[in-house]
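Fold and contact review
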Amino acid sequence: MIRYALHCKACGGEFEAWFASSSAYEQQKEKRLVRCTACNSSRVDKQIMAPAVKTAKAKEAAPDPEKMFAAFAEKARQHVAENFDYVGGNFAEEARSMFYGEQDERPIWGETTEEEREALKEEGVPASPLPAPFTPPVPKVKSKGRLN
Ligand SMILES: [Zn+2]
């Protein structure tokens, strides 16, 4: 005995039926004996046997790039907020003084003007723009480690 999941092209119904063998199914189908349990149409066909449960699960688990990015950005923002010292407009000064060994290095973030950014670049001070999605809200509390 063989069980087939069948699909009705007339009403869209799905049902299962047992056959003695696959050739028995073919014969019965040819004689139009295989009929839809819902509408009695003989326009039935074997369903492509896909692992339905797995497919549904895979769909559910399929990564949504936007969501993934949002989650990643959230983590990045948290990381910056927790580990980086916000120095506001002093960023260029702070970065420069660390670069020249005037103070211990620590992760900082803040703002620069266009000129400051260019100057840092020319001097070879490592600094990179923080993409907007990774930028945490500017802390209300001022930096704990300001220059002087
Ligand atoms: Zn039907």
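To keep things clear, this report deals only with the structure shown in the data block. (Residues numbered from 1 in each chain as written. Predicted model: local features only at pLDDT ≥ 70, side-chain atom pairs only at ≥ 80, totals over all residues.)

Backbone geometry places arginine 32, a non-glycine residue, at a positive phi of 60°. Here arginine 32 lies in the loop between helix H1 (22-30) and strand S3 (44-46). Judged by the 11 C-beta atoms lying within 10 Å of it, arginine 32 is exposed. At asparagine 40, a position not held by glycine, the phi torsion is positive, near 65°. (Helix = DSSP H or I, 4+ residues; strand = E, 2+ residues; numbered from the N terminus. Buried ≥ 20, exposed ≤ 12 C-beta atoms within 10 Å, placed from the backbone.)

The biggest cluster of nonpolar side chains holds 6 residues, and these are Tyr86, Val87, Phe91, Ala92, Ala95 and Trp109. Put simply, the parts of the chain that give this core at least two residues each are strand S4 (85-88) and helix H4 (91-99). Sequence-distant contacts of phenylalanine 91, defined by excluding residues within four places in its chain, comprise Ile108, Gly110, Glu111 and Thr112. Judged by nonpolar contacts, the second largest core, of 5 residues, contains Leu6, Val34, Cys36 and Val44. (Core = buried A, V, L, I, M, F, W, Y, C linked by C-beta atoms within 7 Å. Contact = placed C-beta atoms within 7 Å.)

Here strand S1 (residues 2-8) pairs with strand S2 (residues 14-19) via 6 bridges, running antiparallel. Directly across from leucine 6, in S2, lies its bridge partner phenylalanine 15. Linking two consecutive strands that pair antiparallel, namely S1 and S2, is a turn of 5 residues; a positive phi of about 80° is found at glycine 12 within it. Bridge count for S1 against S3 is 3 bridges, and the pairing is antiparallel. Residue histidine 7 lies in a different strand from S3, and its bridge partner there is aspartate 45. (Pairing = 2+ DSSP bridges.)

Interpretation note: all reported values are geometric properties and have no functional meaning in isolation.
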